[in-house]
Each structure stands twice: as structure tokens, then as C-alpha cells.
Amino acid sequence: MSTATATDKRKAPAGERVADWADGRLGIYSLAKSNMRKIFPDHWSFMLGEICLYSFIIIILTGVYLTLFFHPSMNEVVYHGSYVPMQGVRMSEAYASTLDISFDVRGGLLIRQIHHWAALIFVAAMLVHMMRVFFTGAFRKPREVNWVFGFLLLVLGMFTGFTGYSLPDDLLSGTGVRFMEGAILSVPIVGTYLSMFLFGGEFPGHDFVARFYSIHILLLPGIMLGLLVAHLILVFYHKHTQFAGPGRTNNNVVGMPLLPVYMAKAGGFFFLVFGVIAVISAIASINPIWALGPYIPDHVSTGAQPDWYMGFSEGLIRAMPGWEINLWGHTLVLGVFIPLVIFPLVLAAIAVYPFIESWVTGDKREHHILDRPRNAPTRTGFGVAWLTWYVILLIAGGNDMFAQYFHLSINAITWFARIGFFVGPVIAFVITKRICLGLQRRDRDKVLHGRETGIIKRLPHGEFVEVHEPLSPGKLHTLTAHEQYKPAEIGPTVDENGVERKVKLMEKLRVKLSKGYYGEDHQIPKATAEEYKEIQSGHGHH
Amino acid sequence: MKKLSARRRHPLAAVVVLLLALAATGGLYAAFAPAGKAQADETAQSLAIEEGQKLYAVGCASCHGSGGQGSSDGPSLVGVGSAAVDFQVSTGRMPAQQPGAQVPKKKNIYTQAQIDQLAAYIASLGAGPITPTEKQYDPAGADIARGGELFRNNCAQCHNFTGEGGALTHGKYAPNLEGVSPKHIYEAMLTGPQNMPSFPDSTMPEKEKKDIIAYLQTVNGDKSESPGGLKLGGLGPVSEGLFGWIFGLGTLIAVAVWVAAHTAKAKKS
Amino acid sequence: MSSQDIPEDKHLPTEQGDAHHGGVAVADDPFADPGLPAHKPRIQDIDERAAKRSERTVAMLFTLSMLATIGFIASYVTIPVDKIVYIWPFGHVSGLNFALGVTLGIALFCIGAGAVHWARTLMSDVEVADERHPIEAAPEVKAKVLADFADGARESDIGRRKLIRNTMLGALAMVPLSGVVLLRDLGPLPEDKLRKTIWAKGKLLINQNTMEPLRPEDVAVGSLTFAMPEGLEEDQHDYMQQIAKAALMIVRIQPEDIKDKQELEWSHDGIVAYSKICTHVGCPISLYEQQTHHVLCPCHQSTFDLSDGARVIFGPAGHALPQLRIGVNDEGFLEALGDFEEPVGPAFWERG
């Protein structure tokens, strides 16, 4: 007995022993060494990605629960459940089981609503997260690959959402699937074949719910999970970006350690996100399929819309004029096919931007300090232009709702979208760039003259001046920490031997773009230390 | 005042100014927007004095002609029947206030007796659908589920799944059916007011109309259930998307700001 | 100031004379970095009473969460699933959904709020700087990897034995074809399925409201009726596929108001029968405005003029709605005089 106690005393605590066991097999100590006290900078916008991550986890948790009750079948049944206005109505098993989840499974409605609300928030958060990364230039080297991963997650999220929206086989989602069939039919040459193969024959057939189901719960989320893990590994590997500030350089990251602060903050944030979504699901109804009725191809309701993340594609299709070309016995359905082609292009426009910018700047260095949007006016202008484009399409996608609630004409809104599609982004770009330059000037003034305090002083000779308070060294540094590029030059067209060098067209384009980015009127030179000294020495008059 | 001026350079000053400007714009809009009610009341007073057949001459003849034959401002009323008159006048649509894409519902300015007199006069111009009796439109005992199917086939395309209304071309619209009495729904189906097509008894018999009314009362009455919570207008994904962005993501971002914010420092140091 | 230099451009393989083309940022820094500001203590760091208050708040939040979980279980057990309660301002809502959602929400939120409050007020808030290291490998590492790769490639002989390489690539390229071929049975070939519907000469027009055949006198001017072909039954196996093409919209227009000659010919005494399926992407189009005879699609707002051959007057649809030729049979019922002359619904490549 006494020997046993003696060995116990020498033994490490239980937790350490478990860790030792795991380390011998998984090497967790080496892993923890670099990650346990990993530093995360504090900024609310750095938590947008976490909202995406957590809502994704919530969607998976609730989704698994829903699969326990949902029947992905299009077999026709007559409903005899507890929702009175549907009793005796013919419907697919998919729709009937969704009614059962909503009315007969205790808590089923809540889980359904959490699942759907979390999905809307998931995609919304991804878009906002992506915009944060865009406007702060966090996509620059070394994070371009992670930008692409994130973009793919957004696209896959949209399609996972769309397939999920279609599963209950209600009148609204069925109308959406019918639209999808029409869009597929418009594809030249293979459209009809694709449609027959997708639906297992003529629309609607008896197969699409089951097929969408495996895509929705297995194929797409599986790919997303993989991308998500890769995305997170890269975030850890690259370490987080940070805004410029005293003590924050391109070579360090300043913030709080993962253990314990971010363990508590990020871990706690998961529960906060889940809690907020649960309360929203308690108080606000989403996709009340019982009010929509089962899908029948000759029934329809006004206000037939997809979930918001597909709204811009809906806008494309609504704003498009009905062009159709009939030639040699074949039909080219441009009215549907053009929007179908523009749809990925709208998304691609923002996705390829980082690569265009890095080509224009020719900058091969790593960037870990974020830009303030104003200090990259062309990029910011492009981003706002893209968002304007997106929002105009969203408005076009909801033109009937806006017509109804703002007492406008549907036709007028459609025309607004048709013109706005081309004009809106241009105007937005110009205005945004102007605003950015204005803000740059303000920063410059602030650095040179100090902060306007709002305190008015009367000088002995009667003049009123506003007291300017010089900025702290930290603030001065922060406002001038950004780098300013020099516009690219074509360079000498004759080399040292006098032989004419041919300048490639792409090179000319690059130089032209670079001048548009960093030329004289496209950025405000930041204040220099000399200017500052000069003004501060002659201080007294403003 | 001094406090105020000292704070005008505060980082949040711009936000406050923006909010004030928005409030002011909204207030101005509300002040100058056409005040429908006041006008209706005035007309109400002037018209309520008249009675009987004279009502037509005063309230209707200017557009529909002295004998109901119609004019460029209003269609002929010959053969529209008493049901159409009862619907148009008792929902306040007629007499119309001003020309526009569509004549809206407003406060009714006639008593039921006056409406009946008007209806009798119009009915005498030519035979048409007769004002239904309560026995015809009372939805008690009707088949709600069947009504739902009929509604989704015949009505939802304009009025939405649960009768929340919807937009038509060039500013016309199908109105929200919440709170519309069974009698008026019946009359609307029977007569097809304005641009709404009619659903006469020959193609949609009385029983089917009752089923539809019963369904509407279940899903779009003041006692209608919305098990999931706020029904967000019953409009589907557009309002859900807006709610998700504003209250869902909005709340989460507010929470994120709190999580990431630096804790207040002790004042002493 | 910075101990770790940014990787030099010369480490990068594709760099060739880019520098003198400009475009590279100037990393000047006119105002020297004063370095991380000194840590300022929070109230909780210097006042134990404040720290205790924070501790109590955190504990209270965790306790609240436990109570909410108990509330969740209690609600689950006690509230019937079909209980509807009125809760302002949410309306007549499911009591169970509301109770479960709110208690679950509180239980989760309080855990999160407690943890975050703990981190914010009691855990150290001293900001720490962590050094970054360049992502790119050092030149010697890169050289080693390239050398290893060259060794491996040489040992495999893939460069020399081209036959092996080419046949392997061929095999790998071909094997996925089996997967593609396997997809063939996802569905039948289109053939002429999209060209025809079950409408045929002599089929009566059945009113979908009453399931009775329609007579001309049933259809009033300004009314709207939906019809399907005689013989189609709801419980039929292919009902959905058939109604998706055969759905019919019937209106009556004064013959003198019909502008299109063919439309008048194919109508019966002003009664016209048009496909209910939009020619854009197939929504059931039926927002009929009886005064203008315009019919609007609720999905994408294509607008057709039913008094003028249902031609498109607005929106994204590319061609008019197909009209069904109708007449009256000996017994006085409306009947189809054949199938639609052109495919109904959305256009497709083979439509022609």
C-alpha cells in the first residue's frame, strides 16, 4: 500500500498524464507550443469571420437534427397531421414531413427556424467578412489563396442555401426550382439534356428532392468543411493582420493570447452567436411553409423570391430584356442565358480583383498591416462600385416588393435597374474615390495642424481662431504609417546598346492602370516630417 | 451651448448629425405628404347630407354620366349589378378622389341604407350580380383546406399566399386582404372590381367562394396564428432577408463590437 | 526598428527587372513609431472590490444560463406542441416554440456573455507582440527541395521513359470517363417531350374549380378561369409533369377588342385559351388585369397582352404565350381543337 502511495506522489496530475499520452501519439506539445499563446489583435471587424464559422457550426448541428425527421421523397401523400388548413391536401412526403417537423415534433419548429435564420446570417456574414477583407487590403500577399478559399465558401454557401430552400417542396421553393429548370433549358445545345438528367425526366418529376438532398447535406457541406478547415489553418499559419498603430509593424502582431483571453472571447462568442440566433428563431418566423402550400406546377404566388443571397441573380433575370434569336431551326434564349452567364461574372469580378491589383502594383512583399480604405482610393472605389452593382441587382430582384410598399411602378423600378446596372457602379466609383481623397487630405491636415478641438479662442486683436491640438506621436505615426506607391513607368524604350525595346501591350496597360491608381491626382502625398517641423516651428497663426 | 460646440468635433458627431438630418427629412415628408384622411372627411360631410337617388347625381354622375352610361372618366355602370355598387361604395373606393393607376380603399362615407339605395338605382339600369346575402358568404362550416387550394390556384398569384397583396403593372396592385369582410371578398370575386378579373358563380360556385373566404379568415384575420413568431408581413424571403441583415447580423455585429472593445481603463492613472 | 526583414526580392524566382519599372511602394516613415504604449490598468486591476463585482457578474450569468436550461426542459415537458398564445408584439405564436427559443437563447447567450465578461475584466489585458516570420522558405531550404525533387524525378526515370509517362497519362485521363458514362441514366433523353402536351382534338376543357367541363356561357367577359384537359386526374402518376405543361388560362374578351387575327380565329366567341406557363422560365403566369387584358408574371414581371396574340409588352420573356385553339362540341361544351401548335413554357435550343 505504501509503495502505491509513493508512486502516486511522483505521478503527474491526471490532466498532464492524458496530455502525455496524447503527445506520444499526436505530438500535441509541439502543436501547442506555437499555438497556445498565439496572439490575436482586437478589432470588432476581425470577428466577422467568426460569425460565419459559428453560424456554419450551428447550421450543421441543427441540420443533423432535421435529417432525423425529414423525408426527402416526392411520393404523394394526403396530409392528416395537426395543421388544420392542410388536412386532406395532396402533397409530397417532403412537404408533409416538413409540416410534421413544424407542428408535431416538439422543438422541431425552433430547430428549423434556427437552421434557416443561421443560413441567412451565415451568407450575410460571409459577404460582410469578405468586404472587410477587401476594403482593408487583407487579401494581399501572402493571403491571396485564403481569399480564394473564402470566396469559394461564399459561392458554395449560396448553392447549399438554394438546395436547402428547395427541399421542403413548398410552392415558393418549387417556383424557384422551376426557374432553375427554365434557366438550364436556355443553355444552348445541351440545355434540354441537362434538364432531363437533373430532374430525371420532365419537370418536376419524382427525383429532384432526393437529389438535392444528397447535394445539400453531403456533397456541398463536405466540400465546404474541407475549405473551411484549410481557411482556418491558413489564418493560423499567416497570423492575423492588424491595423497600423504604435508598436504595430509589418513584422509583428499585437494583441491578446489565445489562452486564456481569446479562448474565452472566441469561445464565448460562439455561445453569443448561437444565443442571438436562438432568440431570433423564437420571435421571428422564417419560411412558414405551411402558409405557402405544397408545390403544384400550375399554382403560384406573387412575391415569388429566392432567399436574399440569390436575390442579385433574380435581379439580373428580372432586369434583362426578352431577347430571343431563332436561327436555322434553333433558339438562342439570350433573355435567360445572358443573365445566367453574367451571374458568375458578377461574383468573379470581386474574386479576381486581388490578382489584378497585385499585377498593377508589381508588389511582391508580404503585407500584414491593413490599409485604411481611404488610403487605397481606387480599390475602395472599385469595392463600393461592386457593392452598388450588387445592391441595384438586389433591388431589381425585389422590384415587386418595392413597388408594393413604396407605391412605385414595377416597370419604373425595372428601368431604374436596367440603367443603374451600367451607370450606378461608375457613379459610385467616382464619388467614392473623391471621398477617399478628401479624407486623405483631412488626415494630412490633421497631421500638420493638429486636431480641431471645437474650442474657439478670441485673440487680443479680436480675431477668432479654433484651437488646434497637436496629435500625439502615436497618432502621428498611425496616420502616416501607410505606404504610397509610385506610379509605374514604361522605362527607357531603348536599351543601353541603343536597340529599341518593344513594350508589350500588357505592360502599357499596366502602366496606365498604375497611373490611375497612384498618379498625381489619385493619392494625396502624406505629410512629411520636414513639413511638420516647418509648420510647428512657425506655430501661432493658423 | 458651450458643451455642444466643444463636442462638434467628436468622432460620433457626424453620426448624430446624420440621424438628425434623417429624422428631419422624414418629418418633412410626413408633414407634406398628401393627407388622404382629412380630404375624405370633408367630402364625407358634404356628401352625407344627400340621400337616395340624388346621391348618384352628386357623387357619381360627374364620372359615370348622368344615366350611368359612362364617360371618359369612368366606365358604364349599366349591368354591373348591385353587388359591384355595394363593394365599391362600402369599401370607400367610390366615389374616387383622384385619377391614378388604381382607386384605393378609403373611409366609407355612406350609410348602408344609402348604399342600398344607390345599388337599387344602378341595378335598375341593367341586370347584374346581386348583393349577396349573409347565407351566401358566411364561411361557417366551409372546407378550409379546399379553400386554400382554390386560393393558391385562383388568387395567390396576385394577392400572395396568405392574401398580403402584391404589385401589378405600372403602379397597380392587388390589395392586402387582411380585415376585408367576407361580404366584400365575395362581392369582389363576383364582380371583379377595377382590374381584378371576376370569378362568377358559373365558374366558381358559391360553395367554392365560401371555402376561399374560410381559408382567408384562418390565415389572414386578426386572430390568425403565426406559430413561428413575427410573420414579417408574410412576404417571404425579401422581408426575411432584411430582418436577417438588420436584426440578425446587426445584433451580432453589435455583440462583436462589445467582445472586441478594450475594457474601460481606471481613471486614476 | 524591425528585426525581421521583409523577404528580399531576389529570393523570388519570377522577378526580372521589375524594379526600374516603378510601381513599388516607398516604405518611408516620417513619424517614428513610438512603440507600444504602456499598459494602463483597468479598475479591476487596481480595485479588488471591482474585481469581485466582475466575478459576481460572471457567476450570475453562468447561473442564469443554468436556470434557463432548466426552463427549457420544463417548457419542453409542460407546454403542449399545439398551444398557441398571444404575445405582444409577436402575435399569436406557438407557446412551445417561443418558450424553447427564448430559454435556449438565454442559456447560450449567458454562457457567452459570462465568458467574455470574464476575459474582458479579469483576465490580463496586457497587449503582447508576437514576431512574424516570413512565409517563404530560406534559399538553402528551397535549393534542397529542388535538388530532392530532381533526384526523385531522375530515379523514377519518368523523363526518359516517355512511353510509360504517356500511357499513364492516357490511362488517368480516361478512367474518369466511366464516371461520366454512369451519369447517363440520371434521366431520359429529351426527344420531343417538351414539344407536346396532352391536349388533343376533342378534349374538353375542365374547370379546375369544379372539375366540370366548361360551357361557353359559363365564361363571362372580364372573368378568369383555369382549366385542364379532360382525363387528367390528380392521383395520376405523371399528373405533375402533365399539368406543368397543360395548364390553361381562359378569359373572354369582346371579339371587337381582339387585335390579333389568328387569336380571333382560334377563339370561340371571344373566349380565348392561353397556356398558363410563362414563356420566360415557366412560372404559372396568371395576373390578369381585366381592363387592360394584360397578364403579368409574378416571378419576373413579363407582361403579355391577351388581346393582341399574347405578345410580350414588357419584361424578360422572349415570345408570346402559346394559344390553344378551341371550339364547342355537339353537346355545347368547350373543347380543344388539337394540341398547342408550338411548345409551351420556356424556350430551349431545339425549339426553333
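Residues numbered from 1 in each chain as written. Chains lettered and ligands numbered in written order. Predicted model: local features only at pLDDT ≥ 70, side-chain atom pairs only at ≥ 80, totals over all residues. Heavy atoms only, no water.

Chemist: I'm lost on the interface of chain B and chain C in this one. Help?
Modeler: Reports of interface size often rely on the accessible area that becomes lost once the parts have come together. Taken together, the contacts link 43 residues of chain B with 46 residues of chain C. Between chain B and chain C, a total of about 3,600 Å² is buried, with carbon and sulfur atoms accounting for 54% of that surface. When the area that chain B buries against chain C is broken down by residue, the three leading residues are B:Q157, B:T203 and B:W258, summing to 17%. Taken together, the links from chain B to chain C amount to two salt bridges. B:K265 is the partner of C:D125 in a salt bridge, and the nearest nitrogen-oxygen pair spans 2.7 Å. On the surface where chain B and chain C come into contact, there are 27 residue pairs in polar contact (both at pLDDT 80 or more). Those elements that provide at least two residues to the side of chain B that touches chain C are α9 (144-154), α10 (156-159) and α13 (237-260) of chain B. For the side of chain B that touches chain C, the element with the highest residue contribution is α9(B), accounting for five residues. (Contact = heavy atoms within 4.5 Å. Buried area = accessible area lost by both parts, 1.4 Å probe. Salt bridge = Lys/Arg side-chain N within 4 Å of Asp/Glu carboxyl O. Polar contact = N/O pair within 3.5 Å; in protein donor to acceptor, adjacent residues only side chain to side chain. Helix = DSSP H or I, 4+ residues; strand = E, 2+ residues; numbered from the N terminus.)

Chemist: Help me understand the sheet that holds strand β10 (residues 294-296) of chain C in this model?
Modeler: Backbone hydrogen bonds hold the strands of a sheet together, and the pairing may be parallel or antiparallel. Residue and element names in this part refer to chain C. Pairing within the open sheet is antiparallel, and its four strands lie in the order β9-β10-β11-β12. Of all strands in the sheet, those bounded by a partner on one side alone are β9 (287-289) and β12 (311-314). Strand-to-strand twist of the sheet, defined as the mean angle between neighbouring strand axes without regard to direction, takes the value 30 degrees. The pairing of strand β11 (residues 303-305) with β12 spans three bridges and is classified as antiparallel. Residue pairing for β12: F304 is matched across the bridge by V312. (Pairing = 2+ DSSP bridges. Axes fitted to C-alpha atoms, helices over the stretch in contact; angles between N-to-C directions.)

Chemist: What exactly am I supposed to notice about a nonpolar patch on the surface here?
Modeler: Residues and elements named next belong to chain A. A contiguous nonpolar surface patch, about 590 Å² in accessible area, is contributed by V352, F355, I356, W359, M506, L509 and L513. Only α15 (353-361) and α20 (505-518) provide two or more residues apiece to the nonpolar patch. Secondary-structure assignment places L509 in helix α20. We classify L509 as partly exposed; its relative accessible area is 41%. (Patch = residues over 30% accessible without salt bridge, like charges linked within 9 Å, V, L, I, M, F, W, Y side chains within 5 Å. Areas by Shrake-Rupley, 256 points an atom, 1.4 Å probe, with all protein chains shown as cover. Buried < 20%, exposed > 50% of the residue type's maximum accessible area, 1.4 Å probe, protein only.)

Chemist: Would you take a moment to explain the layout of surface pockets for this structure?
Modeler: To find leftover empty space, a probe the size of one water molecule is rolled over the atoms. Approximately 1,500 Å³ is the volume found for the second largest pocket. Around the second largest pocket, the lining is made up of 49 residues, and of these B:P75, B:S76, B:Q88, B:Q194 and C:Q291 lie nearest the centre. For the lining of the second largest pocket, the secondary structure elements donating two or more residues are α4 (54-59), α5 (61-64), α6 (81-90), α7 (112-125) and α11 (182-191) of chain B. For the lining of the second largest pocket, the residue count by class is 24 nonpolar, 21 polar and four charged. (1 Å grid on protein atoms, 1.4 Å probe; cavity = no way out; pocket = protein on both sides within 12 Å on 5 of 7 lines; lining within 4 Å. Points joined across faces, edges and corners; volume = space filled by probe spheres on them. Nonpolar A, V, L, I, M, F, W, Y, C, P; charged D, E, K, R; others polar.)

Chemist: I'm lost on the nonpolar core in this one. Help?
Modeler: The tendency in soluble globular proteins is for nonpolar side chains to be buried side by side. One finds A:L99, A:W117, A:F269, A:W386, C:L306 and C:L321 to be the most contacted residues of the largest nonpolar core, which totals 179 residues. Considering every element that reaches this core, the biggest residue donor is helix α6 (residues 108-135) of chain A, with 20 residues. Both of domain 1 (43-186) and domain 2 (205-351) of chain C provide at least three residues apiece to this core. Once residues lying within four places of it in the same chain are set aside, the contact partners of A:W117 are A:I277, A:I280, A:S281, A:A284, A:S285, A:I286, B:L232, B:E240, B:F243 and B:G244. (Core = buried A, V, L, I, M, F, W, Y, C linked by side-chain atoms within 4.5 Å. Domains from an automatic or database assignment.)

Chemist: When you look at the domain arrangement of chain C in this model, what are you seeing that I'm missing?
Modeler: The domain boundaries assigned to chain C delineate domain 1 (43-186) and domain 2 (205-351). Just the C-alpha atoms count here: the centres of domain 1 of chain C and domain 2 of chain C sit 53 Å apart.

Chemist: Any chance you could explain the interface of chain A and chain C here in plain terms?
Modeler: Each partner contributes residues to the interface: chain A has 131 residues there, and chain C has 104 residues. Both faces considered, chain A and chain C share a buried interface measuring about 9,900 Å² in area, 63% of it formed by carbon and sulfur atoms. Counting the surface chain A buries against chain C, the share from its top three residues, A:R106, A:N251 and A:D298, is 8%. Along the contact surface separating chain A from chain C lie three salt bridges. In this structure, C:E136 and A:K141 form a salt bridge, with 2.9 Å as the shortest nitrogen-oxygen distance. Taken together, chain A and chain C are joined by 32 residue pairs in polar contact (both at pLDDT 80 or more). Here the side of chain A that touches chain C gets 16 residues from one element, more than from any other, and that element is helix α11 (residues 258-283) of chain A. For the side of chain A that touches chain C, the class distribution of residues is 59 nonpolar, 44 polar and 28 charged.

Chemist: In this structure, what is going on with the pattern of salt bridges? I would like to understand it.
Modeler: Side chains bearing opposite charge may pair, as long as their charged atoms lie close to each other. All told, the structure shown has 39 salt bridges over all chains when counted by the stated rule. Ionic pairing is found between A:R140 and A:D371, a salt bridge with its closest N-O pair at 3.2 Å. Here the residue A:R140 occupies a position in the loop between α6 and α7 (144-166), and A:D371 occupies one in the loop between β8 (369-370) and α16 (377-397), the gap between them amounting to 231 residues. One salt bridge in this structure joins C:D269 and C:R252, with 3.1 Å as the shortest N-O distance. Here the residue C:D269 occupies a position in the loop between α8 (261-266) and β8 (271-275), and C:R252 occupies one in strand β7 (residues 248-252), the gap between them amounting to 17 residues. Residues joined in a network through salt bridges with shared partners are A:R140, A:E357, A:D371 and A:R379.

Chemist: Looking at this model, I keep getting lost on the packing of α16(A) against helix α18 (residues 410-449) of chain A. Mind explaining?
Modeler: Between two packed helices, what matters for the description is the angle formed by their axes and the separation of those axes. Residues and elements named next belong to chain A. The interhelical angle for the contact between α16 and α18, taken along N-to-C directions, is 155 degrees, at an axis separation of 8 Å. It follows that α16 is roughly antiparallel to α18 by the angle criterion. In the crossing of α16 with α18, the sense of the turn from one axis to the other is right-handed. Classifying every residue of the contact of α16 with α18 by side-chain character gives 17 nonpolar, eight polar and one charged. (Parallel < 35°, antiparallel > 145°, perpendicular 65-115°, else oblique. Left-handed = near helix turned anticlockwise from the far one by under 90°.)

Chemist: Is there a simple way to think about empty space enclosed by the protein in this case?
Modeler: Scanning the entire structure with this criterion turns up seven cavities of 30 Å³ or more. A volume near 110 Å³ is recorded for the largest cavity. Lining the largest cavity are 14 residues, with A:R178, A:E181, C:L194, C:K245 and C:V344 sitting closest to its centre. Every element with two or more residues in the lining of the largest cavity is listed here: α8 (171-185) of chain A together with α7 (239-246) of chain C. Across the lining of the largest cavity, the residue classes break down as eight nonpolar, two polar and four charged.

Chemist: Any chance you could explain the state of the cysteines here in plain terms?
Modeler: Every disulfide links exactly two cysteines, by a covalent bond between their sulfur atoms. Under the counting rule described, the total for this entry stands at one disulfide over all chains. Here C:C297 stays free of any disulfide, with the sulfur of C:C278 as its closest cysteine sulfur at 4.0 Å. (Disulfide = S-S within 2.5 Å.)

Chemist: Looking at this structure, how should I read the environment of A:D169?
Modeler: Residue and element names in this part refer to chain A. Residue position: D169 is located in the loop between α7 and α8. The spacing of D169 and G293 is 124 residues in sequence and 9.0 Å in space, taken between C-alpha atoms. D169 has contacts with M74, S92, A94, Y95, F208, V209, P294 and Y295, leaving out every residue within four places of it along the chain.

Chemist: It is not clear to me how the packing of aromatic side chains should be interpreted in this structure. Could you clarify?
Modeler: Aromatic ring pairs are described here by two measures, namely the spacing of the ring centres and the angle between the planes. Under the criterion given, the structure shown has 42 aromatic pairs over all chains. On the numbers, 5.8 Å between centres and 75 degrees between planes, the contact of A:F199 with A:F208 is edge-to-face. Exposure remark for A:F199: the relative accessible area of 0% places this residue in the buried category. Overall, A:F208 belongs to the buried group, its relative accessible area being 1%. An aromatic cluster is defined as three or more aromatic residues linked by ring pairs; in this entry it consists of A:F134, A:F135, A:F139, A:W147, A:Y353 and A:F382. Lying across the ring of C:F314, A:R418 places its NZ or CZ 5.1 Å from the centre. Geometry around B:Y186 places B:K209 over its ring, the cationic atom sitting 5.5 Å from the centre. (Phe/Tyr/Trp six-rings, centres within 6.5 Å; stacked < 30°, edge-to-face > 60°. Lys NZ or Arg CZ within 6 Å of the ring centre and 35° of its normal.)

Chemist: How do you make sense of the sheet that holds strand β4 (residues 128-131) of chain C when you look at a structure like this?
Modeler: As summarised here, the arrangement of the three strands in space is β1(A)-β5(A)-β4(C), forming an open sheet in which the pairing is antiparallel. The open sheet terminates on both sides in strands that have one partner only, identified here as β1 (39-40) of chain A together with β4 of chain C. Sheet topology places strand β5 (residues 252-257) of chain A next to β4(C); four bridges connect them, and they run antiparallel. Bridging across to β4(C), A:V253 finds its partner in C:D130.

Chemist: What am I meant to see in the packing of helix α5 (residues 93-103) of chain A against α6(A) here?
Modeler: Residue and element names in this part refer to chain A. Their axes nearest at 5 Å, the elements α5 and α6 cross at an angle of 110 degrees. The orientation of α5 with respect to α6, classified from their angle, is roughly perpendicular. Mapping the contact onto sequence places T98, I101 and S102 in α5 and G108, L109 and R112 in α6. Taken together, the residues that form the contact of α5 with α6 break down as two nonpolar, three polar and one charged.

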